[in-house]
Each structure stands twice: as structure tokens, then as C-alpha cells.
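Remarks on the overall topology
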Amino acid sequence: MRKLGLFVTGAVIWGMLVAARPWTSPEIEAKIDQIVAGLPLEQKIGQLVQVSWRNVEDPETLVREGKVGSFLNVLDAKTARALQEIALHESPSHIPLIFGLDVIHGYRTIFPIPLAGAASWDPELIRRNCRIAAEEATAEGVHWTFAPMVDIARDPRWGRIAEGAGEDPFLGSVMARARVKGFQGDHLGDANRLVACAKHFVGYGAAIGGRDYNTTDMSDWTLRTIYLPPFEAAVEAGVATVMSAFNDLNGIPASANRFTLTRILRQEWGFQGFVVSDWNAITELINHGVAGNKAEAAEKALRAGVDMDMMGFAYSDELANLVRRGLISETDVDQAVRRVLRVKLASGLFEHPFPDEDRAKRVILSPEHLEAARQAAREGIVLLKNEGNLLPLSTTGLRLAVVGPLADDRDAPLGSWACLGRPADVISVLAGIREAMPGSDVAFAKGCAIDSDDTSGVAEAVKLAAQSDVVVLVVGESRRMSGEGGSRAFLGLPGRQLDLVKRVVATGKPTVVVLINGRPLAIPWIAEHATAILETWQLGVQHGRAVADVLFGMYNPSGKLPATFPRCVGQVPIFYNHKNTGRPPREDTRWTSRYVDAPSTPQFPFGFGLSYTKYEYRDLKIEPTQIGPAGKVHVSVTVENVGRRAGEEIVQLYIRDPVASVTRPVRELKGFRRVHLDPGESKRLSFELGPEELGFYNVRSEWVVEPGKFEVWVGPSSAEGLHGEFFVVD
Ligand code: BGC
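Quick summary incoming for the structure in this document. Keep in mind the model is a prediction, meaning the values are calculated, not measured.

Turning next to the environment of Ala281. Take Ala281: it is sitting in the loop between strand E11 (274-277) and helix H11 (285-288). Assessed through its relative accessible area of 4%, Ala281 is described here as buried. Between the C-alpha atoms of Ala281 and Arg342, which are 61 residues apart in sequence, the distance is 23 Å. With near-sequence residues (within four places) excluded, Ala281 lies in contact with Ala245, Phe246 and Ser255.

This is how it looks when you write it as C-alpha cells:
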């Protein structure tokens, strides 16, 4: 919430955010004072050191000597308990350890990857999934998750697009809030709540060329408008920790960037928690070329605002010396320690430091959790094409051929960062289909591997397809092809999978292509020739059941794309909220912003997704049609289900400010609603637009609402919608 509005030359400037302190208290602050006063320097520094349990030789001794305040990658309750016993009873300070882990989309019950979660446009669902992940992880002694990743990603070559909410700052902010609230709950101190961590601060998703860890370079406008909002939303939602990123941001690496880590995060947003570096990111300041050695790296990072060093060993090796040499003051160290202790105290670590193995037995993979995972998986699926209403299929009287290297794969659906998820827990697409068609003989052939040149299985698969009534063809990526270090230069199907698709389609049998992948793909041939396409991403342990639910119409697909699908890699980056340019693309002339060898439109736009029913939009109303800069308009629309099946539509509202002091995007998402409609049912939905939605950062980085016309669209995607307008006047 931007507060403190003031009027300047007909515009409203929205000033700094008022500090949010959702989880600390005077008692906690007093306790921090007391602990810090009694700690010698070495013990203080220990609180700022995080090491990976499986990557150090003698973790017990480190704890016993007070040289570590946090572990990551402790993967079982027994180890967590043993280390915590040492910290509490044998370490000099008796301060509990905080155990961190990448609980990104589930702990053992694996939910859809965050990109698929965003495709549900259902923050309540996401919140519940994160609550469940917290319930399972905390029972085994995990206190802190390195999630949510709230990096905006406009480049699908970047493998980590899988870990976030896609390309849009508005949807990204909604999802960031939902995830933080889901992990942390309303009361961070409860034993079944996980401390969340908004990462990677900031700009990591804008890596040049989509190559992981690469440099980012962007204008202040882009930083503030596109990349910062989900972090701000996470801070507003009370996130207790933030992770500083690997990347160089405009010449100052994110883990040495005082402007972002202190000026924006703490001074503008009032963040009260602590900042942990990404893995070895402090020591990598040497590679970036802003520090000559580890001591300089430690000094820069601490001064910039990084409180805890994850696996860089820069603080453990250098901080004490830096203090002795007078290059860092002990007060600066104290400040970082205070922040770490604040989170340790607020999260209830002192009251319940140990795992709860009994609870673990009850909750992990419980029927309730699996049911939630199935619901989440269904909602993440996006129907991209459905020619002649081939889908849904009948479960009886149909000879079905299930083909493709991912059809019976139980690994890929787990996606990257699957935490403790196991392939054995996963229902494959084939298993899901067979379960939905008891008594039917569902034929299966793999056809080819995900990523090899071997085509020896293709003939058999084609033969099977030719003998069937309908083919379900499951293709895509392995889980190593996205996530960290999973950047791709090509966005088509790897290996010989497209050959398999072409041969199967050539049989003339109606073909449903089911995609399993961690990013938008470039699939022009499939988009044109397949009869139906389901984008199923990586949906977690219930992947196959959810796909069967959609294939056979037990669930009417409702997902919408959280990121644009390009037609080819050359279009990348391609995103819906681009600027208009001086020469917007026109196909009838060369001298506009376009390609000579590809259209400028995407294959599938942001927000797109079909359903088994039809929704009609009508009666768009905007009231009043004139407001002052601080005023609000109400936008309402009627949506009717004019088809024959019940369904849920995601109604999206976009705006455009066509003339302003700085150029504005051609469309920006500013609201959405998920609405359930029975056949024949209609609902009137309303949205409110005020300074928060209508404003933007001007050249002085002030939030302003400028007078003039505003355009509005309400519709089913970023490329459609009913259109209206209103005016902001002085
Ligand atoms: C990743 C982080 C992750 C950390 C700890 C890093 O390599 O960039 O996202 O939280 O490792 O596993």
C-alpha cells in the first residue's frame, strides 16, 4: 500500500511506504538487546554464518564452537534434533539453530511448480498449498524455506522461470503475498509455520540472453515497475527474510548493492527481517570484479545489508579481522545479528526448536494433502487448443493410445526443487488414465526418449496410434531442463520428440498433445497440427490424476497462461505489457517494429486458456467516467456461462494510460477474479481502480497519477476483452 499522497502540478505523488513490523514486538526487541549484550564478537559472527550440512566435514564441531547460526540441507528430523541439542546445550551461546531448506512447491507432498501454480490464478489455493508444505516441513525440523521465488521472468530460456509466477508484476505480487501468508500464516511463532524468504533480490530473472547467473542491466523504471513489486508485496505480507541474488545489477552485484538492500528494502519499505546471501554469492563478488579478495567481499556485502552468508565462508573467515582492523564496526555486526535474532525469536524457535516426529507421521503425504495436491494440479492445467471439441474424451467405448517419452515418466512431474518428493509418489499420466478407465485396455508406447537421437521406438508407437481412435501424446522436458542451471537456447521439444509428434499426427488420428515442461515452449508445428493441446507443466505427485480429470471432463480446465508463449526463440523476450514504440508492428509495411521472417504476435498470449464451456462478456460499465487524480472508478461487467458445462473463468482487467509524461505499456493487468458459473448462470463482477492501479513511476521515480484518458479492457486474456475508457482530470 502506497501511502501519504500529495498533489503536485495536477498529479498525485504517492510517497514512501510506512514501515511494516508484522511479527516483532517490544518483548522481542528487549530480548534481542539482552542476548546481544552478552555475546562476544566470535559468537555474534557465528549467528551470521549459514552452512550446508551435507557440504561440511564436521558440522557438530561447528555448532559446539558457536561458529554457525544456521544450516541448510538438513534432510531428516534425527539430524536436525541432534544438531539442535548441541546448539542448545553445548554451544557457548545456547542460541537455537535455524534450519533452512528449499521447500519451493511442497515438502514431501509435491504440488505444481510455482509457474503452474500461477497458471491457476488462485491465490487461496496457493496459500493452502504453502500451508501444507509448512505443516510437513516443520514437523521434520525445518524452520525456514527459501521461498517464494518472486523474480519476474520475461524470458523462457531462463530455466528458473519454473520457480516463479511468470512475467507479470501484478499476478506475481498476488502470488508472492499468497505464498508468504501460506508459509508464515498469521502468527509466525506457531510451530507449524515456516519462515519465508523472498528471493532473489533483485533482477535475477532479467539475466541477459536467459542464461542463468548472467548480468542484468535495466532502467530504474523497469526495476521499480516490473521487478520490484512482487518483493514489495512480499514485504507487505510480512516476509521475514529476503535472499540477495547472484546477479550483477546495473554494475553493482545484487549481493553488494546498498541501493536495493538498504535504501529500497529497509528504508523505503521498512523491512525488519534479515537478508541471507544466495549460495556463495558474497565470495562471488570477487569474480564479479568488485572485490579483490574475500575480506573485501565480506566488507562490501555487510555494508550493503547482507546479514547472513550462505556458504561463502567470507563472514566466518574475515569479519572478525575486519572489525579488529577497524574496517567494519562492531555495531554493524550487531545490527546484522539483531536482525537474525529477531527472526529466530519471532518464529518461536526458542519455544519449539525441535522437530515433531509424531506430527510428521500424521501429516506427511496425508490423504488431505494428496487431495489438495490433486486440486492444485487440476487448476494448473491450461487448455491451449481443442479443435472440434475433441476434449473431453469418453472413458468408455474408446480405443486410446497413450504415446510419448513422458507418458509413463514419474520423475519429470516433480519439477525442479522437488525437495523430498520421490518419483515413487508420483502418478504418471498413463497411470492416471488407466485409473480413470478401469476395465479398458489402454495401449502404451514410449516412441522415443526425451532427449536422444534414437528413433527405434517410433515405428511401434505410430503403429499403435494408427490402431486407436484417439492418441494422447505426452511430450516435453525432463526436470533437469528447467530450474537452476537449466537455461535453454532452443525452446522446442528436445531430442526427436517433434518427429514422433509429426509421425503420429500423420496417421490422421485425433491427437491430444499433453505437454510436461517447466517453461513456455515454442511449438508452432504442434499449435497448428495437433487436434488438442494441454499445457500441464510439472504438476507434482498427482500429475497423472489431474491430467485424467481434465482429459475425461471430471474437471473443466480453467488455467490461464502466466507467461507468453513465443512462436520461436527469435521473438524472445516477448511479453504482453510491452511499450507501443514509435512504429507499432503492422504486417503491411516493412518500416515498423516487426520481423521479416516471423509474426510479431505470440503463439499464445499471456492470460490465455480455453475451457470446455463458453463464457460471454457483456455490459461493461465504468463509473464515474471522470475522476480526480486521487479518485476511484468502479468497473463492472457481466460474465455468463453460455455453454453446457459448469466451469470457472478467470476474468482479467487491463488498463492503458495512452498519453503520459513517460511511455506506458500497451496493457497492464490490474485485477482479476476467479468466478464459478453453472451453465446458463451469469454474474456481475466489479473492480475498483484508484491511485494504486492508475499511478506509475515518473522520471523522478515518484508515484504519480497523471490527468488524461485511461483505457480499460475486461476479458478472458491479455489479447481480448470488452473495451471502455474514463478520464482523470485536474
Ligand atoms: C539457489 C537458491 C537456493 C539456494 C539454496 C542457490 O543455488 O540460487 O535459490 O535457495 O541455492 O539451496
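Taken residue by residue, helix H19 (residues 497-505) has Gln497, Leu500, Val501, Val504 and Val505 as its buried positions. Viewed end-on, H19 has its buried residues packed into an arc of 125°, placing them on one side of the element. As for H19, its buried residues are in contact with strand E14 (400-403), helix H18 (458-466), strand E16 (470-476), strand E17 (511-516) and helix H20 (524-529).

As a further point, take unusual backbone geometry. Residue Pro392 is reached from Leu391 by a cis peptide bond, and omega for that bond is 0°. Among the secondary structure elements, Pro392 is positioned in the loop between strand E13 (382-386) and E14. Of the consecutive residues Glu623 and Pro624, the connecting peptide bond is found in the cis state with omega at -15°. Considering the arrangement of structural elements, one finds Pro624 in the loop between strand E19 (615-623) and strand E20 (626-627).

Grouped together as the largest cluster of nonpolar side chains are 137 residues, with contacts concentrated most on Phe71, Trp144, Phe201, Val239, Tyr315 and Val333. Not counting residues within four places of it along the chain, the set of residues in contact with Val333 comprises Leu41, Lys44, Ile45, Leu48, Leu302, Val323 and Ile328. Residues Ala245, Ala436, Val547 and Phe565 belong to the second largest nonpolar core, which totals 84 residues.

With that out of the way, let us pick up the sheet that holds strand E12 (residues 309-310). With respect to topology, 5 strands assemble into an open sheet ordered E6-E5-E4-E3-E12, the strand pairing being parallel. The sheet terminates laterally at strand E6 (144-145) and E12, the two strands that pair on one side only.

Within helix H9 (residues 229-236), 7 of the 8 residues are buried, which leaves the element mostly enclosed by the surrounding structure. As for H9, its buried residues are in contact with helix H7 (169-184), strand E7 (197-201), helix H8 (220-227) and helix H10 (258-268). Downstream of H9 by one or two residues, Gly238 has phi in the positive range, about 95°.

Reading the values: rules and limits
- Residues numbered from 1 in each chain as written.
- Predicted model: local features only at pLDDT ≥ 70, side-chain atom pairs only at ≥ 80, totals over all residues.
- Heavy atoms only, no water.
- Helix = DSSP H or I, 4+ residues; strand = E, 2+ residues; numbered from the N terminus.
- Buried < 20%, exposed > 50% of the residue type's maximum accessible area, 1.4 Å probe, protein only.
- Contact = heavy atoms within 4.5 Å.
- Arc of directions from axis to C-beta.
- Core = buried A, V, L, I, M, F, W, Y, C linked by side-chain atoms within 4.5 Å.
- Pairing = 2+ DSSP bridges.

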